[in-house]
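# Inside the fold
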Amino acid sequence: MKISYNWLKTLINITSSAEEAADLLTSSGLEVEGIESFESLKGGLKGLVIGHIVECAKHPDADRLSLTKVDIGTGEPLSIVCGAPNVAAGQKVIVATVGTKLYPITGEPFEIKKSKIRGAASEGMICAEDEIGLGSSHAGIMVLPETTKTGMEASEYFKIESDSVFEIGLTPNRSDAASHLGVARDLSAIINSANNNQELKIRLVGLNELQESNESSKVTVTIENHEGCKRYSGLVISGITVKDSPEWLQNRLKSIGVRPINNIVDITNFVLHELGQPLHAFDLEKITGNKIIVRNAKEGEKFKSLDGVDRTLKGTDLMICNEASPMCIAGVFGGAESGVTKTTTAVFIESAYFDPAHIRKSSKNHSLKTDASFRFERGTDPDMTLIALTRAANLIIELAGGSISMSPVDMYPEKMAPYRVAFSNTNCNALIGKEIDMNVVKNIITNLGIEIESEGSDGLLLQVPRYKTDVTREADVIEEVMRIYGYNNVEVSKSISYTAFNEPKNFDSTLENKTAGILEGFGFNEIMSLSLTKESYYPENTSMVKVVNPLSNDLNVLRSDMIYSGLEAIAYNINRKNSDLKLFEIGRVYSVNPNAEFKYAEQKQLAMFLTGKLFNENPYKLDQTSELSFLKAALFNLFEKCGLTNIKSIDSDYKNFDSGLNYTLNGKPLACLGSINKSVLKTFDISQPVFYASVEWNVLLKAFSKNKIEFEEISKFPAVRRDLALLIDKSIKYAQIEELAFNTEKKLLKKVNLFDIYEGEKLGNKKSYAVSFTLMDKEGTLTDKQIDHVMEKLITTYKEKLGAELR
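Heads up: these notes are all about the structure in this document.

Reading the values: rules and limits
The residue count restarts for each chain, going from 1 along the sequence in the order it is written. Predicted model: local features are reported for residues with pLDDT of at least 70 only, side-chain atom pairs are reported and counted for 80 or more only, and whole-chain, interface and lining totals are derived from all residues. Hydrogens are left out, water is left out, and the side-chain values use all remaining heavy atoms of the structure. Helix and strand definitions here come from DSSP, where helices need a minimum of 4 consecutive H or I residues and strands a minimum of 2 consecutive E residues; each element is numbered from the N-terminal end. The size measure is the radius of gyration over C-alpha atoms, and the globule rule it meets is 2.2 Å times the number of residues to the 0.38 power. Each accessible area is a Shrake-Rupley result for a 1.4 Å probe, and residues are judged covered by the shown protein chains and nothing else. Residues scored as positive are Lys and Arg, those scored as negative are Asp and Glu, and His as well as the terminal groups of each chain are ignored. Positions of charges follow a simple convention, taking NZ of Lys, CZ of Arg, CG of Asp or CD of Glu. Side-chain atoms within 4.5 Å are what join buried Ala, Val, Leu, Ile, Met, Phe, Trp, Tyr and Cys residues into a set we call a nonpolar core. Only protein chains enter the area calculation, which uses a 1.4 Å probe; residues under 20% of their type maximum are buried, those over 50% are exposed, and those in between are partly exposed. By definition in these notes, contact holds between two residues if any of their heavy atoms fall within 4.5 Å. Given a helix with a known number of residues, its expected span is that number minus one, times 1.5 Å. Polar contact criterion, stated in full: a pair of N or O atoms within 3.5 Å, where within protein one must be able to donate a hydrogen and the other to accept it, and residues adjacent in sequence count only if both atoms are side-chain atoms. Two strands are counted as paired when DSSP detects at least two bridges linking them. We count a salt bridge whenever a side-chain nitrogen from Lys or Arg sits within 4 Å of a carboxyl oxygen from Asp or Glu.

## Comments concerning the overall build of the chain
Along its length, the chain carries 19 helices and 41 strands. Scaling as 2.2 N^0.38, a compact globule of 807 residues should have a C-alpha radius of gyration of about 28 Å, whereas the chain reaches 39 Å, well beyond that. Dimensions of the chain, computed from C-alpha atoms along their principal axes, come out at roughly 120 × 85 × 65 Å. Approximately 41,700 Å² of the chain is accessible, and the part contributed by carbon and sulfur atoms is 49%. Separation between the mean location of the 92 positive side-chain charges and that of the 107 negative ones in the chain comes to 6 Å.

## Considering the nonpolar core
Tyr232, Phe282, Ile292, Ile320, Phe348 and Phe354 are the most contacted members of the largest nonpolar core, which totals 35 residues. Elements with a minimum of two residues in this core: β14 (220-223), β15 (229-238), β17 (291-296), β20 (318-321), β21 (326-329), β23 (346-354), α8 (371-378) and β24 (403-411). With residues near it in sequence (within four places) discarded, Phe348 still touches Val219, Val221, Tyr232, Gly234, Leu235, Val236, His280, Ala281, Phe282, Ile287, Ile292 and Met406. Listed in part, the 32 residues of the second largest apolar core include Leu511, Ala634, Leu638 and Leu670.

## Describing helix α6 (residues 263-275)
With 13 residues, α6 extends 18 Å from end C-alpha to end C-alpha; this agrees with the ideal 18 Å at 1.5 Å per step. Of all 13 residues making up α6, 11 are buried, and the element is well covered by its neighbours. Its side-chain oxygen 3.1 Å from the backbone nitrogen of Ile264, Asn262 forms the N-cap of α6. Note on α6: the residue one or two positions beyond its end, Gly276, has a positive phi of about 80 degrees.

## Some remarks on the sheet that holds strand β37 (residues 690-696)
Backbone-to-backbone hydrogen bonds join strands into a sheet, with any given pair of strands oriented parallel or antiparallel. Spatially, 7 strands are ordered β28-β32-β33-β37-β36-β35-β34 in an open sheet, and the strand pairing comes out mixed. The open sheet has two free edges, formed respectively by β28 (525-526) and β34 (647-651), since each of these has just one partner strand. As paired elements, strand β35 (residues 657-665) and strand β36 (residues 668-676) share 8 bridges and run antiparallel to each other. Looking across to β36, one finds that Gly660 is bridged to Gly674.

## Side note on the pairing of strand β38 (residues 720-729)
Along any regular strand the residues' side chains alternate between the sheet's two faces. Bridge count between β38 and strand β40 (residues 766-775): 10 bridges; the pairing is antiparallel. Bridge pairing in β40 links Asp729 to Lys766. Pairing analysis gives 2 bridges linking β38 to strand β41 (residues 805-806), with the strands arranged antiparallel. For Leu727, the partnering residue across the bridge sits in β41 and is Glu805.

## Side note on the pattern of salt bridges
Considering all chains together, one arrives at 33 salt bridges under this definition. A salt bridge links Glu480 to Arg483; its shortest N-O distance comes to 2.8 Å. Here Arg483 and Glu480 lie together in helix α12 (residues 474-485), a separation of 3 residues that amounts to about one turn. Look at Arg483 and you get buried, because its relative accessible area is 5%. If you follow the salt bridges from partner to partner, you end up with Arg174, Asp176, Asp186, Lys468, Glu480 and Arg483 in one network.

## A word on the environment of Lys364
Summarising the element assignment, Lys364 is placed in helix α7 (residues 356-365). Given the relative accessible area of 22%, Lys364 is considered partly exposed. In sequence terms Lys364 and Pro550 are 186 residues apart; their C-alpha atoms lie 7.8 Å from each other. When near neighbours in sequence (up to four residues on either side) are disregarded, Lys364 contacts Asn549 and Leu551.

## Regarding the side chain of Arg391
Looking at the element boundaries, Arg391 is found in helix α9 (residues 385-400). Contact partners of Arg391, with chain neighbours within four places excluded, come to Val205, Gly206, Leu207, Phe270, Val271, Glu274 and Leu275.

## Focus: unusual backbone geometry
For Leu45, which is not a glycine, the phi torsion comes out positive at approximately 55 degrees. If you trace the backbone, Leu45 turns up in the loop between β2 (32-39) and β3 (48-59). Unusually for a residue other than glycine, Asn666 sits at a positive phi of about 55 degrees. Within the element layout of this structure, Asn666 appears in the loop between β35 and β36.

## Here's the deal with α9
Spanning 16 residues, α9 covers 21 Å between terminal C-alpha atoms, matching the ideal 22 Å at 1.5 Å per step. Here α9 lies mainly inside the structure; 12 of its 16 residues are buried. All of the buried residues along α9 are Thr385, Ala388, Leu389, Thr390, Arg391, Ala392, Ala393, Asn394, Leu395, Ile396, Leu399 and Ala400. Against the buried residues of α9 lie β15, α5 (247-255), α6, β16 (279-283), β23 and β24. Looking one or two places after α9, you find Gly401, whose phi comes out positive at around 75 degrees.

## Considering the environment of Ala194
Along the chain, the position of Ala194 falls in helix α4 (residues 180-195). C-alpha of Ala194 to C-alpha of Ile787: the two residues are 593 residues apart in sequence and 90 Å apart in space.

Spelled out as structure tokens, the structure:
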């Protein structure tokens, strides 16, 4: 949120610098994230002064140039070569001195340097209006009245406004500070609290009594949805002229990033940002039947908004309508047919209090975020409607002419009373951790606009105004006292109290840390992705969890697996010349099952991605490209460290794999591993292979939580490796070979590994698997006879069970 310091100073008489005021606001919880400089004219005419041409003669070597002597009030006149046809002695002109940076209407900014032109020295420049951004004419230099003071700053002469603009990081609970009035209120409370007085008062201007209405217009207001609209005020001003706003008003709006449109619209925007009360101006002629009706939209009703978009309304949308049709989405956005135009001569000005929940629904329904909805969603001040209406009406009459033709109407059936809060000084001191004098506390409370209804021996009964939507309990009032008193004014305690407690081991966080450590050891980097993704990734998935009011079509469902968010990260990195990636993410996936006891399901998963080269550029000529075996090694290293055994594998039917495996643990799905198919990669413009693994976290966690660390002595006897090259049918899986091996030799066989696969035309419907077998006896060194016996048993088993042949 942007706040103009010049604007603030019209509300409170503050003499601090912008930086000092920013520090005060930040210390009170309104964090000033930055201070920007604003100038009503780019460059602010810095370095430009009023000069008096005391001499002017033709350049001896150039017919179109003149040699001038210009007095700028600093002593010796400047020698300036000028090419303007209208330059003459005695003129008062604008002079850009050496070092000045000029911002012309067209072209790039440029700096004035001391130079020689056709042999003559030039110590500045006499300016035309287009060269300094004041106009478009380049017919000649600007000539000012003879009475203009020599040496005066051009910025002073042209009344260029300079301002400091605060960028405030407004938290959602501080709706009371969503205006210049709200920020001024905090600033005055801080300064008064520091001085323990109430001298710095808020001054609201433009609230003088409205002129008497001639009652030549009549608009009736009907509120059908009292829950959505709790107060509605308005009046009519006729005989207005719609035109550009005066410069001071345009500068106020420009300083906070609001584009001026015309005097009527600018006034409503000005009042919104000054007082925090959104207003809306309707062209009186467009109010069919002279009736304002506040009602809910009819389901499917059509409405064309101010941005030219035809919108289909929902039954929950609160609308401002005339007798025939909707004119405005209440508190959110105006309509194309009822807005103020250049031909408008009479306006109905609306100032209302709308229920925050209703406005938020409409804003979300139509993906519209406006300055008005921003404030209504958080809660405005119901007591501000008539004040803001008065301010706007007086400004309109001043800047657009006209007169009030209908007195203010104010529909307020159920008055919203202030929040009543009991406040204990003992509780305040206990919560803050310091004894604060009760007079100081009362001063802070009253400076914040909170009224003291009654006073007791230890506390106060308070009436908190409705604009403080987050101050409804004693703790909230104490927080208000604390932030104005100053967190830095509370001394740090010299002792620390600590209560020891015992809680069960959190296996989930332990496993997360262990997983991250293991994968980082393999060179993986952790990523964090949004759970929101696009529906188009899941064209055939009927179990998606859809977002009711998505921020965009790219974020309209919750992900049902983690592959797409990872591929988005890979594509992002590849597009930025970072193509060698090892990534992992621990996140959640979502699904919906209408027939289940719990309709929505949320599961945790581990996702791993591998692409590009395995090693960074290095002097050892290691440039191996990523392989599925590396990803499998990392995955099984994790399983081993978590104590998982008896893992089974079968071919994967995952639609996004070219080829892969599914792993189960005790009959439950544990993980999948494979190479992502090219059609999926093409969707993300990825041309290099990507390997992917996904682990069901809850299955892994359950096994990990039951895992007990056991220690055993390292064998004193060596292991022996033997290899077999088996010629088998293509239909046979490696998992069958492994399972048969361990069933055949349960004592001596420790490890089975597939280290090569060969398939060729000469083999026909066969394939060759190269398999290694590691044997070891903990009780002694294996003899050749023992080894040969085991290998013969394995060969016999493979021949009988699988029809294998040795190559």
